[in-house]
2 protein chains.
Amino acid sequence: MVQSKTELFEEELKTQAAWFKVLAHPARLKILQYLSEANSCITGDLSEELPLGRTTVNQHIKELKEAGLIQGHIEGVRTKYCLNPEKIAEVKAVIEEFLSALNAGDYECK
Amino acid sequence: MVQSKTELFEEELKTQAAWFKVLAHPARLKILQYLSEANSCITGDLSEELPLGRTTVNQHIKELKEAGLIQGHIEGVRTKYCLNPEKIAEVKAVIEEFLSALNAGDYECK
DNA sequence: GTTTTTTGACGTATATTTGCGTCAAAACAA
DNA sequence: TTGTTTTGACGCAAATATACGTCAAAAAAC
């Protein structure tokens with residue numbers, strides 16, 4: 001009886017919430033930040049950059065990949081990770097849209 | 001052995017991730033949206049607006065309250081819910097900051 | 001060929017979140 | 001006083017997320 005009920009909400013809300021969820025863990029933010037700061041594709045063990053084991057970091061990378069935010073290109077034994085500019089733009093747009101609709105300034109709350 | 005390791009990350013990342021997490025459920029987005037659209041304080045059963053039971057909705061309201069995004073003023077038997085403009089502004093600022101730092105446009109990814 | 005390096009897939013244990021039922025307190029009406 | 005309405009607190013069960021160990025596949029080094 002504790003079935004997920006998120007599917008009962010409007011599509012837009014679900015999409016927005018899903019994006020927020022992808023970003024709701026410091027490890028994933030860190031990975032995105034790192035790739036962004038590197039300003040290029042990265043080869044090698046991302047897990048050395050964060051306080052987590054390799055497997056766990058891979059798990060987070062996988063989530064980011066599934067969300068489309070990063071891409072991985074196999075390069076021999078290694079994999080090159082890159083941000084996906086289109087999806088980054090998309091996530092920015094979706095979140096901006098939600099935030100700009102949030103208006104809390106025009107009434108007295110007492 | 002599966003202790004939370006989020007505390008091992010930098011403060012800023014933790015703060016950002018925590019805000020994303022608050023917004024990572026459609027019910028909470030809906031509540032915020034509803035209060036925002038009403039453009040005033042709301043009395044009465046919010047749960048009629050969403051496809052969840054009263055207790056569950058209260059749970060989400062509680063989380064939003066603990067995050068500071070909404071305030072509740074007791075008004076006799078009822079409670080008036082309002083957005084908290086300062087916190088809304090804060091969350092917007094924190095998220096904007098993260099997003100604007102995310103730069104994926106300047107390199108070739110092949 | 002064999003070995004090494006790197007990564008993903010899989011399984012597992014614990015932690016946290018989600019959803020709700022039940023109960024109790026508070027304010028009001030009768 | 002005795003109900004009635006509204007809400008928060010508490011606790012439970014199921015679902016999901018976190019963190020990681022182990023193993024296997026693929027490419028390169030030997």
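Further up the page is the structure itself.
A few points on the structure. Residue positions are given per chain, counted from 1 along the sequence in the order it is written. For this description, chains carry letters from A and ligands carry numbers from 1, given in the order in which they are written. Selection of residues for local features in this predicted model requires a pLDDT of at least 70, selection of side-chain atom pairs for listing and counting requires 80 or more, and totals for whole chains, interfaces and linings are taken over all residues. To get the side-chain values, all heavy atoms of the structure are used, and hydrogens and water are removed first.

With that settled, consider the state of the cysteines. Residue and element names in this part refer to chain A. Criterion for a disulfide: a pair of cysteine sulfur atoms within 2.5 Å. Under the defined criterion, the tally for this structure stands at two disulfides over all chains. Between the sulfur of C41 and that of C82 lies a disulfide, 2.3 Å long from S to S. One disulfide, between C41 and C82, carries an S-S torsion of 105° and so falls in the right-handed class. Residue C41 is found in the loop between α2 (26-38) and β1 (42-43), and its partner C82 is found in strand β3 (residues 78-83); the two are separated by 41 residues along the sequence. For every residue, the accessible area (1.4 Å probe, protein chains only) is compared with the maximum for its type, and the residue is labelled buried under 20%, exposed over 50%, or partly exposed between those bounds. Judged by its relative accessible area of 14%, C41 is buried. The class of C82 is buried, set by a relative accessible area of 0%. Labels follow the DSSP assignment, with helices taken as runs of H or I lasting at least four residues and strands as runs of E lasting at least two, numbered in each case from the N terminus.

Let's shift gears to the protein's contact with DNA strand C. In these notes, residues near a molecule or strand are those with any non-hydrogen atom within 4 Å of it. Around DNA strand C sit 27 residues, and of these K5 of chain A together with H25, G53, T55 and T56 of chain B come closest. Considering the 4 Å shell around the protein, atoms of DNA strand C inside it are sugar or phosphate in 62% of instances. Take K65 of chain A: an N or O atom from its side chain is 3.1 Å from a phosphate oxygen of DNA strand C. Of all the secondary-structure elements, those providing two or more residues to the surface near DNA strand C are α3 (54-67) and β3 of chain A together with α3 (54-67) of chain B. Counting residues per element, the surface near DNA strand C draws most heavily on α3 of chain B, which supplies six residues. Classification convention: Asp, Glu, Lys, Arg as charged; Ala, Val, Leu, Ile, Met, Phe, Trp, Tyr, Cys, Pro as nonpolar; all other residues, Gly among them, as polar. Along the lines of polarity and charge, the residues of the surface near DNA strand C split into six nonpolar, 13 polar and eight charged. Polar contacts, as counted here, are pairs of nitrogen or oxygen atoms within 3.5 Å of one another; within protein the pair requires one atom able to donate a hydrogen and one able to accept it, and residues that are adjacent in sequence qualify only if both atoms are side-chain atoms.

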